[in-house]
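Reading the structure
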Amino acid sequence: PGVAGFSEVQDKWQRVWEETKPFATATAASGDSRPRKYILDMFPYPSGDLHMGHAEAYALGDVIARYWRQQGFNVLHPIGWDSFGLPAENAAIKRGVDPREWTYANIAQQRESMRRYAPSFDWDRVLHTSDPEYYKWNQWLFLKMYERGLAYRKDSWVNWDPVDQTVLANEQVLPDGTSERSGAIVVKKKLTQWYLRITAYADRLLDDLNQLEGSWPSKVIAMQRNWIGRSTGADIDFAVEGRTEPVTVYTTRPDTLYGATFMVVAPDSDLAAELVAGSDDAEIRERFQDYLQRVQKSTEIERLTVDREKTGVFTGRYAINPLNGERLPIWAADYVLSDYGQGAIMAVPAHDQRDLDFARAFDLPVRVVVDTTQPVTGAIRIIPEDGELPVLDEMDPGTTGVALSGEGRLINSGQFNGFSKVNAIARVIAHLEAQGVGRKAKNYRLRDWLISRQRYWGTPIPIVYDEDGNEIPVPEDQLPVALPPSEGLDLKPKGTSPLGGATEWVQTEIDGKPVRRDTDTMDTFVDSSWYFLRFLSPNDPDKAFDPSEVDKWAPVDQYVGGVTHAILHLLYARFITKVLFDMGYVNFTEPFTALLNQGMVLMDGSAMSKSKGNLVRLSDQLDEFGVDAVRLTMAFAGPPEDDIDWADVSPAGSAKFLARALRVARDVDSSPDVVWKNGDDRLRRQTHRLWADAPGLIEAFKFNVLVARIMELTNATRKVIDSGAGPTDPAVREAAEAIALTLSLFTPYTAEEMWEILGYPPSVALYGWRKPDPTLLVDESVTAIMQVDGKVRDRLEVSPKIGGEELEKLARASVAVTRSIGDREVVNVIVRAPRLVNIATKP
Ligand code: ANZ
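Cut-offs applied
Residues numbered from 1 in each chain as written. Predicted model: local features only at pLDDT ≥ 70, side-chain atom pairs only at ≥ 80, totals over all residues. Heavy atoms only, no water. UniProt positions renumbered as here; feature names shortened; annotations may be inferred. Helix = DSSP H or I, 4+ residues; strand = E, 2+ residues; numbered from the N terminus. Salt bridge = Lys/Arg side-chain N within 4 Å of Asp/Glu carboxyl O. Buried < 20%, exposed > 50% of the residue type's maximum accessible area, 1.4 Å probe, protein only. Phe/Tyr/Trp six-rings, centres within 6.5 Å; stacked < 30°, edge-to-face > 60°. Lys NZ or Arg CZ within 6 Å of the ring centre and 35° of its normal. Pairing = 2+ DSSP bridges.

An unreviewed UniProt entry lists the chain under the name Leucine--tRNA ligase, with Amnibacterium flavum as the source organism. Of the chain, the UniProt comment under Subcellular location (unreviewed entry) reads exactly: "Cytoplasm". Per its UniProt entry, the chain bears the Sequence similarities (unreviewed entry) comment "Belongs to the class-I aminoacyl-tRNA synthetase family."

Rendered as C-alpha cells:
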C-alpha cells in the first residue's frame with residue numbers, strides 16, 4: 001500500500017525545508033507587520049522514540065499553526081524537550097549509562113523522527129530544559145520567588161514513594177493511594193522540603209478560570225476548580241475545659257451549631273497530642289498512642305473515604321458550645337485531617353454523613369436542627385416550637401443512618417429557629433462575630449507546591465547553608481548552579497539526593513565563607529511552568545525572556561496537548577504567570593488563551609502497551625504508509641477531542657486517497673494561465689464552497705470534516721477529468737490548487753509535491769488561501785412548489801435553470817400530486833418555472 005515512492009518525496013522536501021526554513025518565525029524585533037499567532041504544542045519528554053500519541057498531538061497542533069500561516073499571520077510554532085526528570089533517570093539507572101548521554105541521545109532520535117514527521121516548527125528555537133542555559137533561569141525564578149517569600153522550606157509529612165524513593169506531590173498520588181509513577185503504595189514520611197506558595201494565589205487561580213470559559217474545555221476548567229477546592233464557611237472558637245486557649249473548628253455549616261453533639265480533632269495533630277496529654281486517665285493516653293500509630297500508616301485518600309468504617313478514641317476532654325453552653329466530648333478520629341481547615345471539627349451527626357456514621361459507631365447523640373421537610377422558598381420565617389420534631393420518625397438520622405444534608409428551616413436552634421439555611425448561616429456568623437467567638441473563613445483543597453526531589457536529573461536548588469544551617473541564596477551572578485557530572489555518584493534511590501555524594505560540589509564557598517549546597521533538585525513541573533516564555537528569545541544569555549518579544553507574542557493563542565496535563569502542568573503554568581505578572585515581568589495573567597485537548601490513540605479499545613502486546617509503533621506505521629498517510633489518518637479519524645482507535649482507522653485508505661490527489665495534480669493541464677470562469681460550473685461551485693467553509697471548520701476544530709470535504713472535491717475533480725471537459729477544463733486546475741492548498745494543513749509532503757507539479761515554487765504552506773467567489777456560492781437549487789387546486793401538495797428541489805416543460809413533468813411524477821388528483825380530470829396547468837406548478841382539476 002502507500003503512495004509509491006513516498007520516502008523519496010519525503011527526503012526531497014525535507015532537504016528543501018532545511019535550506020529554505022519556511023517556518024522560521026519573524027521576530028517581533030524584525031519589524032514584521034503581519035498579525036501574530038503563537039501556537040504551542042506541549043513539548044515531549046525524551047524517553048524513547050516518538051510514539052502514536054505524539055503523532056496525533058503534533059499532527060493536530062500543526063493543522064492550526066499551518067492554517068494561521070496561510071491566513072497571513074506571522075506564526076510562532078516552536079518545539080523543545082522537557083528533558084529533566086524521573087523517566088530519563090530511571091531508564092538511565094536500568095541501563096547503567098549517564099542520564100545526560102541517554103537523554104540527549106533520545107532527543108537526537110526524537111528530533112530526527114520529528115523532522116521526518118514534519119510539523120511546521122521553527123527549528124531555530126529549540127530548547128532543552130536540561131541545558132544549563134535553560135535551567136539557569138529556573139534557578140533565577142526560584143530566587144525571585146524566594147525574595148518574595150513565595151519559596152520556603154518547611155518540615156512536613158510528605159507523600160513518599162518507597163519504590164522510586166522520592167517525594168510525590170499530592171497530584172502524583174492516584175485515588176487508590178498508589179504512586180502515579182511506580183504503582184507503589186504511597187506512605188507518609190517527615191522531611192524538610194522546599195515549597196512554592198501557590199496557595200497564596202488560590203483565589204486568583206480560581207476566579208480567573210472565568211476568563212477561560214468557552215476557550216478551554218469545560219472539563220479542564222471543572223477539574224481545576226475542583227482541585228483548588230475553595231469552600232466558604234466559618235471558624236468557630238470553642239472553649240475547652242482545663243485549657244486557656246479555645247479550640248477553633250472550621251465549618252461550612254455554622255447554621256447547624258445547635259446540632260453539634262461532639263467535637264473531633266485530627267489524631268496526628270499537635271492539638272490532639274496536647275489534649276490527650278492533659279487527660280489524667282492513663283488508659284485514655286495509651287489507647288490514643290495505639291490509635292495514632294495505626295493512623296500514620298494510612299493514606300489521606302483512605303481517610304477521607306465516606307463509607308469507610310469509622311475509628312477513633314475519646315481524648316478525655318470537653319469543649320463548650322459557644323451558642324448554648326452545652327458540654328461536648330472531644331474525640332480524635334482519622335476522618336478529620338490535620339492539614340485541612342483547623343484540623344478540628346464540630347460534629348453534627350444529624351446533617352453530616354461522616355459525623356453520623358461516627359456517632360452511630362460510638363453511640364453519641366444525634367440532634368436534628370434543620371427541618372428538611374419544610375419549604376425554604378419565601379421570606380417568611382416559620383417559628384416552630386423548640387423541642388418539637390416535625391421530622392417524621394422514619395427520617396430521623398439516628399434511626400435511618402442517613403444524614404439530612406438538604407435545605408430546610410432551622411429547628412431546635414433558639415433564636416435562629418425558622419430561618420432557612422443560607423439566612424441562618426449569615427445570622428449565626430454575625431452573632432459569633434459580635435461575641436468575638438467566630439468569623440467568616442475560607443479554605444482550599446489546594447496545598448503549597450512541594451518542589452524538592454531527592455533525585456539527580458533535575459535543576460539544583462540554588463540555596464546554600466552556612467555552618468549554622470542558615471539558608472543563603474546563591475547570588476544571581478553565580479548562576480547557573482550547574483549539575484555536577486553523574487560519574488561516581490550513586491543514582492539509585494535511597495531517600496537522600498544522589499548529589500550528596502558529590503562532595504566537592506556540595507562543599508563550596510560563597511564570599512569566602514564555607515557553605516554546603518542544597519542537594520535536592522526541582523520538580524520538573526517548574527521547568528515546564530514557564531517554557532512558553534523562553535521560546536520567545538530562546539538564546540538570550542542575559543535574561544529568562546525578552547520583555548519586548550513577550551509583549552508582542554504572549555500569551556499563547558492556542559495551546560494543544562493531552563488531557564493528562566489538565567490539572568498539574570496547567571495550574572503551575574497559570575500560577576507562575578501570575579507571579580511573573582506581580583513581579584512586573586509580563587502584562588497578562590493567563591498563559592494560554594485557548595486550549596485544545598486531543599484524545600488518545602488506543603488499540604482495540606484500550607491504551608497501547610508493550611505488556612498488552614497491542615503496541616503500534618509509529619516508526620512502523622511511517623515506514624509502511626508514509627508520514628502523510630499517518631498524519632491524515634490522525635486528522636480524519638474524528639473530532640480531535642475524541643480518542644482514536646487505531647484498529648478502526650485506515651492509514652492504507654489515507655495513502656490511497658493521497659495517491660489519487662497526486663494523480664489529479666499530474667493530470668492537470670500544465671498551463672497555469674487558464675481563465676477560471678470558463679470552467680465547469682458544478683466543479684467550480686464545489687471548489688468555492690470549500691473555500692467558503694474551510695476557515696470556519698478549522699477554527700471550530702472540525703478537521704475531520706474538512707478532510708472529508710477535500711476528499712469529495714478530489715473525487716469530483718477526477719470525474720470531470722475522466723468524463724467531463726477533461727483535464728484542460730480550467731475548473732480542474734482551480735480545484736487541484738484548492739486541494740493542494742488545503743491539504744497542506746494535513747499532509748505537507750503531498751501538498752508540496754502537488755504544488756510543484758501545478759507549476760508553483762515552494763512552499764505551498766506559505767501561500768494564502770483563496771477567497772470564494774460569492775456568485776458561485778448562491779444556491780444551486782430552488783424549491784419548486786407543487787399545488788393541486790391551489791393547495792400545496794409537494795415541494796421539490798430543482799435547478800434554477802429548469803424549463804417549464806421539465807418542471808411540469810416532475811410535478812406529474814410526484815406521488816403526492818398524483819394521489820391528490822386521484823381520478824379527477826386535469827383541466828388546467830399553470831407553470832411558473834422554476835418556482836411553481838399549479839394543477840387545476842374538474843370537481
Ligand atoms: C459541621 C458540619 C455540619 C459540616 C454539616 C458539614 C455539614 P469542605 O466543603 O470540604 O470545606 N471538616 C472541616 N475540617 C475538616 C478536616 N480537617 N477534616 C475533615 N473534615 C473537616 O468541608 C468542610 C466541612 O468538612 C466542615 O463543615 C466540617 O464539617 C468538615 F451538616 O462542620 B462541617
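Let us look at the UniProt feature "short sequence motif: 'HIGH' region" (unreviewed entry) in the chain. Feature annotation in UniProt assigns "short sequence motif: 'HIGH' region" (unreviewed entry) to the following positions: residues 44-54. Along residues 44-54 the backbone is 27% helical and 0% strand, and the end-to-end C-alpha distance reaches 8 Å.

Enumeration according to the criterion identifies 43 salt bridges in this entry. For the salt bridge of Glu213 with Arg225, the shortest nitrogen-to-oxygen distance reads 3.1 Å. Linking Glu213 in the loop between helix 7 (209-212) and helix 8 (218-228) with Arg225 in helix 8, this pair joins segments that are 12 residues apart in sequence. You can call Glu213 partly exposed: its relative accessible area is 42%. Taken together, the shared-partner salt bridges connect Asp203, Asp207, Arg230 and Lys442 into one network.

Here the focus is the packing of aromatic side chains. If you walk through the whole model with that rule in mind, you get 39 aromatic pairs. For the pair Tyr134 and Trp530, a centre-to-centre distance of 4.7 Å together with 15 degrees between the ring planes defines the contact as stacked. Residue Tyr134 is found in helix 5 (residues 132-147), and its partner Trp530 is found in the loop between helix 16 (524-527) and helix 17 (531-534); the two are separated by 396 residues along the sequence. Ring centres of Phe701 and Phe703 lie 6.0 Å apart, and the angle between their planes is 75 degrees; on these two criteria the pair is classed as edge-to-face. The exposure class of Phe701 is buried, given its relative accessible area of 18%. Ring pairing ties together the aromatic residues Phe262, Phe314, Tyr318, Trp331, Tyr335, Phe358 and Phe362, which thus form one cluster. Positioned over the ring face of Tyr152 is Arg197, at 4.1 Å from the centre of the ring. The positively charged end of Lys310 is found above the aromatic ring belonging to Tyr335, 5.6 Å away from the centroid.

So, about the pairing of strand 13 (residues 344-347). Here strand 13 shows a buried face lined by Ala344 and Met346 and a second buried face lined by Ile345 and Ala347. Taken together, the four bridges between strand 10 (residues 262-265) and strand 13 define a ladder with antiparallel strand orientation. Bridge pairing in strand 13 links Val265 to Ala344.

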